[in-house]
Amino acid sequence: MGLFGLVSNKKKETLDKGLEKTKESVFSKLARAVAGKSTVDDDVLDDLEEVLITPDVGVETTVKIIHRIEDRVARDKYVSTSELNKILREEIANLLSENHSDDNEDWDLPADHKPYVILVVGVNGVGKTTTIGKLAYQFKKAGKKVYLGAADTFRAAAVKQQMGSDPASVAFDTLQSAKANGADVVLIDTAGRLHNKVNLMNELKKIKDVMKKVIPEAPDEVMLVLDGSTGQNAFEQAKQFSAVTNITSLAITKLDGTAKGGVVIGISDQLKVPVKYIGLGEAMEDLQLFNKNEFVDSLFKKD
Ligand code: GDP
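Below, the structure is looked at part by part. (Residues numbered from 1 in each chain as written. Predicted model: local features only at pLDDT ≥ 70, side-chain atom pairs only at ≥ 80, totals over all residues. Heavy atoms only, no water.)

## Points about helix 5 (residues 84-97)
Piece 1. With 14 residues, helix 5 extends 20 Å from end C-alpha to end C-alpha; this agrees with the ideal 20 Å at 1.5 Å per step.
Piece 2. Those residues of helix 5 lying buried are L84, N85, I87, L88, E91, I92, A93, L95 and L96.
Piece 3. Elements that come into contact with the buried residues of helix 5 comprise helix 2 (20-34), helix 3 (42-53), helix 4 (59-76), helix 11 (263-271) and helix 12 (292-300). (Helix = DSSP H or I, 4+ residues; strand = E, 2+ residues; numbered from the N terminus. Expected span 1.5 Å × (residues − 1). Buried < 20%, exposed > 50% of the residue type's maximum accessible area, 1.4 Å probe, protein only. Contact = heavy atoms within 4.5 Å.)

Right, dumping it as structure tokens:
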């Protein structure tokens, strides 16, 4: 097996291990939903609804998936319960396809311009700083020149208070030196204080405006970091952030050790935003590019 084979095997192992609890919860309940039944009938569909809502797929997305399966059952007339696993896997993959046009296979960046600017938003504690560190590590490993800017008032203030830096000027300075030094990618951290929506909205707008003074197309991405282990809370944060700014990608962290991995499916569907990265542990390598097919494969793979 070549080096690439080893790397992708390791990636799969981390994914399988990280999603273990979610998978267990889905399978044990799925088994209960079909216990003693040979065909998928209304009772099975009702139970299935419960199965999906529990791992935080969310009500609306669950209803959507159930409708798709109902349509399929109506069309195919007789669907055996042994096929349910496969059908569910297919319908979830289809649903994810709506917001994930192509899968990210590597850490490449668009070749037409640089630096590629990612503005990172999210509340404290979700794993923002860790995710930025892991992203910087992965981009560096892929041979990219990385610049970081902490446009987080609290942290920036702690470091540069005497210079009177505000988040927007940190973003400005970082972009300027990144541009002057030929950086490939810039990651800008921000402070997400949800208790004051108007302030947050203004602050993010100010940061974006100031970025455009250096690079008119910036930011290329506004990435929201969410803690997957908080389930419905992550949904709430996603809704609140998308109300104050245009979120273009998601990073969902802490999927390891939680049974709430279904949030990945629900949040992406509700926000109509692709999940770009998933956090499956604290090590640098534990941040992965999200791949919808690998994700559903891992979730529905029977050992
Ligand atoms: P921030 O306040 O949003 O910047 O959050 P931090 O980056 O400081 O992370 C908070 C905690 O979450 C730290 O202890 C991280 O090690 C942990 N963490 C972040 N991502 C992951 C992950 O994917 N899995 C696990 N298990 N822990 C994580």
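That shown, we press on.
## Quick notes on the site of the ligand
Piece 1. With respect to spatial proximity, 17 residues lie near the ligand, and among them G125, K128, T129, T130 and E282 are the closest.
Piece 2. Measuring from an oxygen atom of the ligand, one finds a backbone N or O atom of G125 at 2.6 Å.
Piece 3. Between the ligand and T130, the relevant distance is 2.4 Å, taken from an oxygen atom to a side-chain nitrogen or oxygen of the residue.
Piece 4. Burial of the ligand by the surrounding chains reaches 75%, relative to a free accessible area of 580 Å².
Piece 5. Examining the composition of the shell around the ligand, we find that four residues originate from one element, helix 6 (residues 128-141), more than from any other.
Piece 6. Per-class residue counts for the shell around the ligand are three nonpolar, eight polar and six charged. (Near = heavy atom within 4 Å. Polar contact = N/O pair within 3.5 Å; in protein donor to acceptor, adjacent residues only side chain to side chain. Areas by Shrake-Rupley, 256 points an atom, 1.4 Å probe, with all protein chains shown as cover. Nonpolar A, V, L, I, M, F, W, Y, C, P; charged D, E, K, R; others polar.)

## Some remarks on the packing of helix 2 against helix 12
Piece 1. Where helix 2 meets helix 12, the axes come as close as 8 Å, and the angle between the chain directions of the two elements is 55°. Our classification of the angle between helix 2 and helix 12 gives oblique. Facing helix 2, whose interface residues are T22, K23, V26 and F27, helix 12 presents S298, L299 and F300.
Piece 2. For the contact of helix 2 with helix 12, the class distribution of residues is four nonpolar, two polar and one charged. (Axes fitted to C-alpha atoms, helices over the stretch in contact; angles between N-to-C directions. Parallel < 35°, antiparallel > 145°, perpendicular 65-115°, else oblique.)

## Digging into unusual backbone geometry
Piece 1. A cis amide bond links K114 with the next residue in sequence, P115, at an omega value of 0°.
Piece 2. Examined against the element boundaries, P115 turns out to sit in the loop between helix 5 and strand 1 (116-121).
Piece 3. The phi angle at K254 is positive, at roughly 55°, despite the residue not being glycine.
Piece 4. Turning to its location among the elements, K254 is positioned in the loop between strand 5 (249-253) and helix 11.
Piece 5. Here K272, not a glycine, exhibits a phi torsion of approximately 55°, which is positive.
Piece 6. Within the fold, K272 resides in the loop between helix 11 and strand 6 (275-279).
Piece 7. Accessibility expressed as a relative area gives 48% for K272, which makes it partly exposed.

## Points about a negative patch on the surface
Piece 1. Together, D42, D46, D47, E50, E70 and D71 line one region of the surface with negative charge.
Piece 2. Of all the secondary-structure elements, those providing two or more residues to the negative patch are helix 3 and helix 4.
Piece 3. With four residues, helix 3 is the largest single contributor of residues to the negative patch.
Piece 4. The residue E50 is located in helix 3 in this model.
Piece 5. Given the relative accessible area of 56%, E50 is considered exposed. (Patch = residues over 30% accessible without salt bridge, like charges linked within 9 Å, V, L, I, M, F, W, Y side chains within 5 Å. Salt bridge = Lys/Arg side-chain N within 4 Å of Asp/Glu carboxyl O. Lys, Arg positive; Asp, Glu negative; His and termini not counted. Charge placed at Lys NZ, Arg CZ, Asp CG, Glu CD.)

## Focus on the pattern of salt bridges
Piece 1. Taken as a whole, this structure holds 21 salt bridges when the rule is applied.
Piece 2. Among the salt bridges present, the one from K301 reaches D16, with a minimum N-O distance of 2.8 Å. Pair noted here: K301 is in the segment after helix 12 and D16 is in helix 1 (residues 3-18), with a separation of 285 residues, a long-range link.
Piece 3. Its salt-bridge partner being K128, residue D189 comes within 3.0 Å of it at the nearest N-O pair. Of this pair, D189 sits in strand 3 (residues 185-190) while K128 sits in helix 6, placing them 61 residues apart in sequence.
Piece 4. D189 sits in the buried class, given a relative accessible area of 6%.
Piece 5. Residues joined by salt bridges that share partners form a network here, namely R72, K86, E90 and E91.

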